[in-house]
Amino acid sequence: MLTLLALLTSQPITPFFWWLPADAARHGHALDHHLILNLWIALALLLLAHIILFAGLWLRRGQLIRNPWKLELPVLLVLSVLFAWFAVRAESLWELERYQGADAGAMQVEVTGVQFAWYFRYPGEDARFGETRPELVEPGAGNPLGINPADPHGADDFVSSVLVLPVGREVDLRLRALDVMHGFFVPAMRLKQDAVPGMTLHIHFTPEKVGEYPILCSQICGLGHYRMQATMRVVTPEEFERWVRAHERR
Amino acid sequence: LGNLIVPAQIGAQRMAFPRLNAVAFWLTALALMVLLLATFTPGGGPISGWTSYPPLSAIASAGPGQALGMDLWLLSIGIFCIASTLGAVNMVTTIITARCEGMTWERLPLTVWSWFTASLLTTLVFSVLFAAVVMLFCDRHLGTSFFIPTSDLVNGVLYNNSKNGGDGSPLLWLHLFWFFGHPEVYIAVLPGMGITSMLLANFSRRRVFGYRLMIITTLAIGFLGLLLWGHHMYVAGLNPWAGSAFAATTMAIAIPSAGQGAELAGNGVAQQAPIRYTHALVAWLCFTLHHRRTDGANPGAADSGQLSAQYVFCGRPFSSDYGDGRNFQPVCGHVLLVSADDRAIAE
């Protein structure tokens, strides 16, 4: 039943909540295709297994199969080939997303998870992030990430609570967490990566459709975990320029 | 259930260490009591979930319930680790040393083989979980930093461990926890598989279909089960190559799992078992198919899916096959019947 429901997710029109959200990232299409293919194969195997099972129960009266290897080996061989093919197929997608970093020209944004909010830092005109120090963190004084004022690279950094991105340009996100583990999860961008305290992790993607998409926390992080949400706004390059100019610190 | 049935199935008078058996049993009860007690503490029970990822679980100020509640949770899990390990050692020893004359390894009921495999896994992985629990306790109270990175800022308080030279990593906990957490799935499911195949054989009045193959796949599942903990950590910040390696082992375990499914189908089809027992097969098919879905292209699906598979499967053989108005007692009766029947076959 679940398989059947999930199969319906291949439809782009999504009036029900259990269907996949519309894909808005460049790499998303191949992932969705792989997932749906996976479900079709699983459904076919499930049906096949049950046809054999019920056919055997109702129809066959006669000789027993004495040698289990005769029944088992062909099945296992076919399944092994199927699984191997599917694993290679999956890994080629994984490789594209994870083995290589972002393009050198990709836009840089830093994402920081903290109980219970996401902060997005843009490097400003110099395209370099300033140093941050946890002891300088002071949300009340407008420095939620602890940007060091002594570092000149940090002078033009600006922090937003909305992740605004230009459409069609590759983005390189650096993920950090100040306190506990958080999970950066953007269903519409087919993106999921944990933000781990003490580590800086990179994830890259290209948004392809203008729109607003929810950002969630996928790793239980405390009492406010359920409301640790933010918005990703994908806009045209012109609008992005306007937005940056309005927020830039000089 | 294993402690009750295994001695009868292998023709032993009792478990190898009866007192140890009692200690393990009552420690398990104690672990449950302590776990329940955690919810009656100031701030309530721990809120970091069953995976208890640090630093949320390591720092008391990270949330309500992360102080005394979390300590009691750790104590409870620690006690449970000891109880499980004692029970498993007892089980392995009993199966190796206490078999009656003529009960060779090749005549053991499949339930015994599955409890044997599950017990081997238990001794290996619960000891690792116990170590992780002790390390987390040290992080909380003894100033170590196995799992807390330098300068972790929680709720406005800076945890500066650098003066102790400590720069821990939450990922260490993830590795240790899932090295337990994944095999635990097989510890829970293998006995169910053994019981299902014995019941099918018994009530169709035939020998177990593919007996030797069933043993091989049980051991293979147990072994591979130790090698795929990383598929709970695809997006946790591992090297992406590690993700590929764990995806490969995850796909590999689908093969013996599918083998067991086919053997059970063989039990059902070739042996013409009563149709109501095939319900259990449906659950196993779900389990096998589910496993195929936790592959690398679907990062993040593993965590939630794994849990549901465990519940689906553990629930099925007991609830739908025997839940029809009968209580737990007849289940034991059935399995004992199996053992008697199986010994007749063995003889």
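Refer to the preceding data block for the structure.
Just so you know, these numbers come straight off a predicted model, no measurement behind them.

Trainee: Please give an account of the overall build of chain B that cites residues and values.
Mentor: Scanning chain B from terminus to terminus reveals 10 helices and 2 strands. Burial statistics for chain B: of 347 residues in total, 58% are counted as buried. Pairs at least 24 apart in sequence give 75% of the contacts found in chain B among residues at least 6 apart. Counting only carbon and sulfur atoms, one obtains 68% of the accessible surface of chain B, whose full area is about 13,100 Å².

Trainee: Could you give me a rundown of the side chain of B:Gln66, with the residues and numbers involved?
Mentor: Residue and element names in this part refer to chain B. One can find Gln 66 in the loop between helix 2 (18-37) and helix 3 (68-97). A relative accessible area of 0% places Gln 66 in the buried class. At 3.3 Å, the side chain of Gln 66 forms a polar contact with the side chain of Ser 48.

Trainee: Provide a residue-level description of the environment of A:Ala42, including the pertinent values.
Mentor: Summarising the element assignment, A:Ala42 is placed in helix 2 (residues 28-58). Separated by 205 residues in sequence, A:Ala42 and A:His247 place their C-alpha atoms 49 Å apart.

Trainee: Talk me through the sheet that holds strand 3 (residues 158-160) of chain A; I want residue IDs and the actual numbers.
Mentor: Residue and element names in this part refer to chain A. What the 5 strands build is an open sheet, ordered 3-2-1-5-8; its pairing is mixed. Every interior strand has two partners, whereas the edge strands, strand 3 and strand 8 (201-205), have only one. Adjacent strand axes in the sheet meet at a mean angle of 30 degrees when their direction is disregarded. In this sheet, strand 5 (residues 171-177) lies alongside strand 1 (residues 107-114) in parallel orientation, the contact comprising 7 bridges. Its bridge partner lying in strand 5, Gln 108 is registered against Asp 172. Against the sheet, helix 4 (residues 237-247) contacts strand 1, strand 2 (117-122) and strand 3, and its axis sits at roughly 115 degrees relative to strand 3.

Trainee: Give a description of the sheet that holds strand 4 (residues 162-166) of chain A that names residues and reports values.
Mentor: Residue and element names in this part refer to chain A. Ordered by their spatial adjacency, 5 strands build an open sheet running 4-10-9-6-7, and the pairing between neighbours is mixed. On the outer flanks of this sheet lie strand 4 and strand 7 (191-195), each paired with one strand and no other. Pairwise comparison of adjacent strand axes, ignoring direction, gives a mean angle of 20 degrees for this sheet. Sheet topology note: the strand 9 (residues 211-217)/strand 10 (residues 230-235) ladder contains 5 bridges and is antiparallel. The residue bridging Gly 211 from the neighbouring strand is Val 234, located in strand 10.

Trainee: Describe helix 4 of chain A, naming the residues involved and giving the relevant values.
Mentor: All names here are of chain A. Within helix 4, burial applies to Phe 240, Trp 243 and Val 244. Seen end-on, helix 4 carries its buried residues on one side only, within an arc spanning 100 degrees. More than 90 degrees from the buried face of helix 4, the exposed residues found are Glu 238, Arg 242, Arg 245 and Ala 246.

Trainee: Provide a residue-level description of the nonpolar core, including the pertinent values.
Mentor: General note: in soluble globular proteins, nonpolar side chains tend to be found buried as a group. Judged by nonpolar contacts, the single largest core of 89 residues is most densely connected at A:Trp118, A:Phe120, A:Tyr122, A:Leu173, A:Phe184, A:Met189 and A:Met232. In terms of nonpolar packing, the next biggest core, distinct from the first, is built from 26 residues, B:Ile10, B:Met91, B:Trp113 and B:Met198 among them.

Trainee: I'd like a description of the packing of aromatic side chains, backed by residues and values.
Mentor: In this structure the tally under the stated criterion is 24 aromatic pairs over all chains. Ring geometry for B:Phe126 and B:Phe180: centres 5.0 Å apart, planes at 70 degrees, overall edge-to-face. Of this pair, B:Phe126 sits in helix 4 (residues 110-141) while B:Phe180 sits in helix 5 (residues 170-203), and the two are 54 residues apart along the sequence. Residue B:Phe126 is classed as buried on the basis of its relative accessible area, which comes to 3%. The exposure class assigned to B:Phe180 is buried, which follows from its relative accessible area of 7%. Taken together, the aromatic side chains of B:Trp50, B:Phe80, B:Phe126, B:Phe146, B:Phe147, B:Trp173, B:Phe177, B:Trp178 and B:Phe180 make up a single cluster linked through ring pairs. Over the aromatic face of A:Phe185 sits the side chain of A:Lys192, whose NZ or CZ is 4.7 Å from the ring centroid. Above the plane of the ring of B:Trp105 lies B:Arg99, whose end atom (NZ or CZ) is 4.4 Å from the centre.

Trainee: Could you give an account of helix 2 of chain B, with specific residues and numbers?
Mentor: Residue and element names in this part refer to chain B. The terminal C-alpha atoms of helix 2 lie 29 Å apart, and with 20 residues this matches the ideal 28 Å at 1.5 Å per residue to within 8%. Every buried residue belonging to helix 2 is among Asn 21, Ala 24, Ala 31 and Val 34, and all of these are buried. Taken down its axis, helix 2 places every buried residue within 150 degrees of arc, on the same side. Of the exposed residues in helix 2, those oriented more than 90 degrees away from the buried face are Arg 19, Phe 25 and Trp 26. Where helix 2 is buried, its residues contact helix 1 (2-10) and helix 3.

Trainee: Provide a residue-level description of the packing of helix 5 of chain B against helix 6 (residues 211-225) of chain B, including the pertinent values.
Mentor: All names here are of chain B. Interaxial distance between helix 5 and helix 6 falls to 9 Å at its minimum, and their mutual angle equals 170 degrees. Here helix 5 is positioned roughly antiparallel relative to helix 6, judged by the angle of their axes. Contacts between helix 5 and helix 6 pair His 182, Pro 183, Tyr 186, Leu 190 and Ser 197 from the former with Met 214, Thr 218, Ile 221 and Gly 225 from the latter. For the contact of helix 5 with helix 6, the residue count by class is 5 nonpolar, 4 polar and no charged.

Trainee: Now, about the environment of B:Thr218: what can you tell me, with residues and values included?
Mentor: Residues and elements named next belong to chain B. Inspection of the secondary structure puts Thr 218 in helix 6. Thr 218 gets classed as buried once you look at its relative accessible area, which sits at 7%. Taking the C-alpha atoms as reference points, Thr 218 and Ala 62, 156 residues apart in sequence, are found 42 Å from one another. Of note is the side chain of Thr 218, whose polar atom sits 2.9 Å from the side chain of Gln 260.

Trainee: Tell me about the pattern of salt bridges, and name the residues and values.
Mentor: Residues and elements named next belong to chain A. For the coordinates displayed, the defined rule picks out 12 salt bridges over all chains. For Asp 157, the salt bridge goes to Arg 121, with nearest N and O atoms at 2.7 Å. You can see Asp 157 sitting in the loop between strand 2 and strand 3 and its partner Arg 121 sitting in strand 2, a full 36 residues away along the chain. For the pair Asp 157 and Arg 121, one class covers both residues: buried. The salt bridge involving Arg 233 is made with Glu 212; its shortest N-O contact spans 4.0 Å.

Trainee: Could you give me a rundown of unusual backbone geometry, with the residues and numbers involved?
Mentor: For the bond running from A:Gln115 to A:Phe116, omega is -5 degrees, close enough to zero to count as cis. Following the sequence through the fold, A:Phe116 ends up in the loop between strand 1 and strand 2. Omega for the peptide link from B:Pro54 to B:Pro55 comes to 0 degrees, which places this bond in the cis form. Along the chain, B:Pro55 turns up in the loop between helix 2 and helix 3.

Trainee: I'd love a proper account of the packing of helix 4 of chain B against helix 5 of chain B, names of residues and values included.
Mentor: Residue and element names in this part refer to chain B. Running from N to C, helix 4 and helix 5 cross one another at 160 degrees; their axes reach a closest spacing of 8 Å. When the interaxial angle is binned, helix 4 and helix 5 end up roughly antiparallel. The handedness of the crossing between helix 4 and helix 5 is left-handed. Grouping the amino acids of the contact of helix 4 with helix 5 by side-chain chemistry returns 26 nonpolar, 6 polar and 1 charged.

Thresholds applied
Residues numbered from 1 in each chain as written. Chains lettered and ligands numbered in written order. Predicted model: local features only at pLDDT ≥ 70, side-chain atom pairs only at ≥ 80, totals over all residues. Heavy atoms only, no water. Helix = DSSP H or I, 4+ residues; strand = E, 2+ residues; numbered from the N terminus. Buried < 20%, exposed > 50% of the residue type's maximum accessible area, 1.4 Å probe, protein only. Contact = heavy atoms within 4.5 Å. Areas by Shrake-Rupley, 256 points an atom, 1.4 Å probe, with all protein chains shown as cover. Polar contact = N/O pair within 3.5 Å; in protein donor to acceptor, adjacent residues only side chain to side chain. Pairing = 2+ DSSP bridges. Axes fitted to C-alpha atoms, helices over the stretch in contact; angles between N-to-C directions. Arc of directions from axis to C-beta. Core = buried A, V, L, I, M, F, W, Y, C linked by side-chain atoms within 4.5 Å. Phe/Tyr/Trp six-rings, centres within 6.5 Å; stacked < 30°, edge-to-face > 60°. Lys NZ or Arg CZ within 6 Å of the ring centre and 35° of its normal. Expected span 1.5 Å × (residues − 1). Parallel < 35°, antiparallel > 145°, perpendicular 65-115°, else oblique. Nonpolar A, V, L, I, M, F, W, Y, C, P; charged D, E, K, R; others polar. Salt bridge = Lys/Arg side-chain N within 4 Å of Asp/Glu carboxyl O. Left-handed = near helix turned anticlockwise from the far one by under 90°.

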